[in-house]
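For reference, the chains in residue letters:
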Amino acid sequence: AFKSASSDISIHESPDKLFRDLTRRKYPDVLPHQAEMMQAYAGLPNDMQDVALQLPTGSGKTLVGLLIAEWRRRKYRERVVFLCPTKQLVHQVVNQAEEKYGLSVATFVGKQSNYQPTAKADYQQAEKIAVTTYSGLFNTNSYFDNADVIIVDDAHAAENYIAGHW
């Protein structure tokens with residue numbers, strides 16, 4: 001399926017401002033601590049690598065990560081991969097993104113040969129964030145070898161997984 005690249009009408013100065021324009025969202029706004037975190041992130045240099053953001057348990061880290069991912073995808077036309085520790089969490093994040101936050105994301109679980117062609121095209125053309133497991137990225141033949149940005153949700157769970165390969 002061929003798709004033409006679309007352009008987003010407005011470029012938001014920070015991810016929290018983007019959230020306010022998502023018409024399908026179920027929440028009126030992000031929480032103040034989330035907005036503060038996203039504004040601080042938006043103030044960093046664009047080419048800064050290896051940024052870590054820390055929030056307490058239950059404070060909405062997944063929303064912050066998804067909004068940063070969507071903001072970068074739209075603002076810089078980047079291919080963004082959002083990593084989760086398990087397939088169950090991939091599906092949970094996808095559901096939250098679409099049902100609660102009003103974001104459209106692409107799901108990548110299972111064998112690469114079973115990835116949906118539309119999801120692959122959406123990711124490759126930076127039309128949607130790819131949501132997958134750590135193993136979807138950290139393997140010898142990763143489909144996501146051209147990712148511009150990788151966001152690791154539950155990073156503490158990734159440490160043992162990644163270290164196990166070495």
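Here the structure is a predicted model, which means the values were calculated and not measured.

**Q** For the overall build of the protein chain, give the residues involved together with the corresponding values.
**A** Scanning the protein chain from terminus to terminus reveals seven helices and four strands. Reading the secondary structure of the protein chain in the N-to-C direction produces α-α-α-β-α-β-α-β-α-β-α. A total of 166 residues make up the protein chain; the buried ones form 40% of that total. Excluding contacts between residues fewer than 6 apart, the proportion of contacts in the protein chain whose partners are at least 24 apart in sequence is 67%.

**Q** Explain the packing of aromatic side chains residue by residue, including any values.
**A** Taken as a whole, this structure holds twelve aromatic pairs when the rule is applied. Ring geometry for Tyr-115 against Phe-144: centres 6.2 Å apart, planes inclined by 35°, an arrangement best described as tilted. Note that Tyr-115 is positioned in the loop between β2 (105-108) and α5 (117-124) and Phe-144 in the loop between α6 (134-137) and β4 (149-152), a separation of 29 residues in sequence. Both residues of the pair, Tyr-115 and Phe-144, count as buried. With a centroid separation of 5.3 Å and 85° between ring planes, the pair formed by Tyr-143 and Phe-144 is classed as edge-to-face. By relative accessible area, which is 16% here, Tyr-143 ends up buried. Relative accessible area serves as the criterion here: at 2%, Phe-144 is assigned to the buried category. Members of the aromatic cluster, connected to one another through ring pairs, are Phe-108, Tyr-115, Tyr-123, Tyr-143 and Phe-144. Across the ring face of Phe-19, the terminal group of Arg-25 is positioned such that the distance to the ring centre comes to 5.6 Å.

**Q** For a nonpolar patch on the surface, give the residues involved together with the corresponding values.
**A** Taken together, Leu-44, Met-48, Val-51 and Leu-53 make up a surface patch of nonpolar side chains, about 300 Å² in accessible area. Note that Leu-53 resides in the loop between α2 (32-42) and α3 (61-76).

**Q** Could you give me a rundown of empty space enclosed by the protein, with the residues and numbers involved?
**A** For the structure on display, the rule yields two cavities of 30 Å³ or more. The computed volume of the largest cavity comes to approximately 60 Å³. Around the largest cavity, the lining residues are Tyr-41, Ala-42, Leu-44, Pro-45, Asn-46, Met-48, Val-51, Trp-71, Arg-72 and Tyr-76. Those elements that place two or more of their residues in the lining of the largest cavity are α2 and α3. The leading source of residues in the lining of the largest cavity is α3, at three residues.

**Q** Go over the pairing of β2 with me, naming the residues and quoting the values.
**A** In the case of a regular strand, side chains alternate between the two sheet surfaces. Pairing between β2 and strand β3 (residues 129-133): four bridges, direction parallel. Bridging from a neighbouring strand, Val-105 pairs with Ile-129 of β3. Handedness of the crossover joining β2 and β3 through α5: right-handed.

Each value, and the rule that gives it
- Residues numbered from 1 in each chain as written.
- Predicted model: local features only at pLDDT ≥ 70, side-chain atom pairs only at ≥ 80, totals over all residues.
- Heavy atoms only, no water.
- Helix = DSSP H or I, 4+ residues; strand = E, 2+ residues; numbered from the N terminus.
- Buried < 20%, exposed > 50% of the residue type's maximum accessible area, 1.4 Å probe, protein only.
- Contact = heavy atoms within 4.5 Å.
- Phe/Tyr/Trp six-rings, centres within 6.5 Å; stacked < 30°, edge-to-face > 60°.
- Lys NZ or Arg CZ within 6 Å of the ring centre and 35° of its normal.
- Patch = residues over 30% accessible without salt bridge, like charges linked within 9 Å, V, L, I, M, F, W, Y side chains within 5 Å.
- Areas by Shrake-Rupley, 256 points an atom, 1.4 Å probe, with all protein chains shown as cover.
- Salt bridge = Lys/Arg side-chain N within 4 Å of Asp/Glu carboxyl O.
- 1 Å grid on protein atoms, 1.4 Å probe; cavity = no way out; pocket = protein on both sides within 12 Å on 5 of 7 lines; lining within 4 Å.
- Points joined across faces, edges and corners; volume = space filled by probe spheres on them.
- Pairing = 2+ DSSP bridges.
- Right-handed = clockwise from strand over helix to strand, strands pointing away.

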